[in-house]
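The primary structure of each chain is shown beneath.
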Amino acid sequence: VSITLGFLPGSKVVAFAVPEAVDEDWTPADWAQRAGLKDFMADSQLGLFRRSDGQSAKYGDGRAAAGDSAMILLAHPEDPTFTKKVLGGLDYAYPSAKKLGANAGRCEATHERCLFFYPGASPDTDPAALRALSDTSARDRGVVGVAVSDRLAADTIVAQGARPIGPNFEVAETDLDGTVITRLRGPGGTEGAAMTVFDLAGFAGLIDMDDVRAALNYVALGVSLTPLEADEARHGYIVRTITDLQKDGPVCINEPVRVGQLVRFHIRDPGNATQELDSLLVRWRLERSAKALDGKFPAGAVLFAG
């Protein structure tokens, strides 16, 4: 069990859980009422938000608590499509709130992933009432979170923790709305089932054998953000989780891709992750120094590791 404690004097903290019946057509008022967020950033009248200077601004006004609110989310990995729908809805309903978080993990392969949600717990909660809460607190699906506003600003830094291996491949065929890559096209025009083409690249010496062995423990798929870049070493990637793969078969991922996109397999690399995080932190410190006059100062950090 992972527990994070925070001391946030002067901030409003609202615990919430997103119901499974979430609808993409929900309005901001629906999110406030049905997800238990009516006390988050809300003034006495829905649609008004408190700014850091104590004044109110209408929903959608970029001045409304801009940068002074955050949502820390924990999602069950059982249904990534549901999680994506929730993130899209929260971005629509609360555009100025930073969203950060991760999927629930586990320490051992035999462990079940689980979320815990105690909306009414406090230091003064009666022990009997707390036991009653415990009976319904564990959740094996969905998204739970903590929304924090007032006297808190959040910056986000993402280090992907993986490095590319082998060449770029072109997506030649997909299924299930792009979440299953059935065929890839490799260097020299070689085309076939996704994992067959990957194995052929390994046999051809295009992938280091140590990297191939490392891929047996963990492998992800990076989607190129710079497909027109001629030098593969200069490509940037957004890494997608591989949810399933089959020898000589397709690759299943948690986000859709399109035919023609360039992808590249990635493996975990602690050294590369540390170097990337150090570089991002240096950049963040420079940006923070340039904003020093805004009266905000670093007070803590929350780390999510995949």
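Residues numbered from 1 in each chain as written. Predicted model: local features only at pLDDT ≥ 70, side-chain atom pairs only at ≥ 80, totals over all residues. Heavy atoms only, no water.

Caption draft 1: Representation of the side chain of Glu255. Along the chain, Glu255 falls in the loop between strand E16 (251–253) and strand E17 (262–268). Among the polar contacts listed, one links the side chain of Glu255 to the side chain of Lys84, at a separation of 3.2 Å. (Helix = DSSP H or I, 4+ residues; strand = E, 2+ residues; numbered from the N terminus. Polar contact = N/O pair within 3.5 Å; in protein donor to acceptor, adjacent residues only side chain to side chain.)

Caption draft 2: Here's a closer look at the environment of Gln261. Residue placement: Gln261 occurs in the loop between E16 and E17. Counting along the chain gives 92 residues from Gln261 to Phe169, while the straight-line C-alpha distance between them is 8.3 Å. When sequence neighbours within four positions are dropped, the list of residues in contact with Gln261 reads Phe169, Glu170, Val171 and Val223. A polar atom in the side chain of Gln261 sits 2.7 Å from the backbone nitrogen of Arg258. (Contact = heavy atoms within 4.5 Å.)

Caption draft 3: How the structure looks around the packing of aromatic side chains. Under the counting rule described, the total for this entry stands at 4 aromatic pairs. Where Trp26 meets Trp31, the ring centres are 5.0 Å apart and the plane angle is 80 degrees; that geometry is what we call edge-to-face. The exposure class of Trp26 is buried, given its relative accessible area of 5%. With centroids separated by 5.3 Å and ring planes inclined at 55 degrees, the aromatic side chains of Phe40 and Tyr94 adopt a geometry described as tilted. One end of the pair, Phe40, is in the loop between helix H1 (28–34) and strand E2 (48–50); the other, Tyr94, is in the loop between helix H2 (80–93) and strand E5 (98–103), and 54 residues separate them in sequence. In textbook terms, an aromatic cluster arises when at least three aromatic residues are bridged by ring pairs, as seen for Phe169, Phe198 and Phe265. Above the plane of the ring of Tyr218 lies Arg268, whose end atom (NZ or CZ) is 3.9 Å from the centre. (Phe/Tyr/Trp six-rings, centres within 6.5 Å; stacked < 30°, edge-to-face > 60°. Buried < 20%, exposed > 50% of the residue type's maximum accessible area, 1.4 Å probe, protein only. Lys NZ or Arg CZ within 6 Å of the ring centre and 35° of its normal.)

Caption draft 4: Quick look at the pattern of salt bridges. Scanning the entire structure with this criterion turns up 13 salt bridges. A salt bridge links Asp91 to Lys99, with the shortest nitrogen-to-oxygen separation between them at 3.1 Å. Assessed through its relative accessible area of 44%, Asp91 is described here as partly exposed. Here the salt bridges do not stand alone but share partners, grouping Glu170, Arg183, Arg185 and Glu191 into one network. (Salt bridge = Lys/Arg side-chain N within 4 Å of Asp/Glu carboxyl O.)

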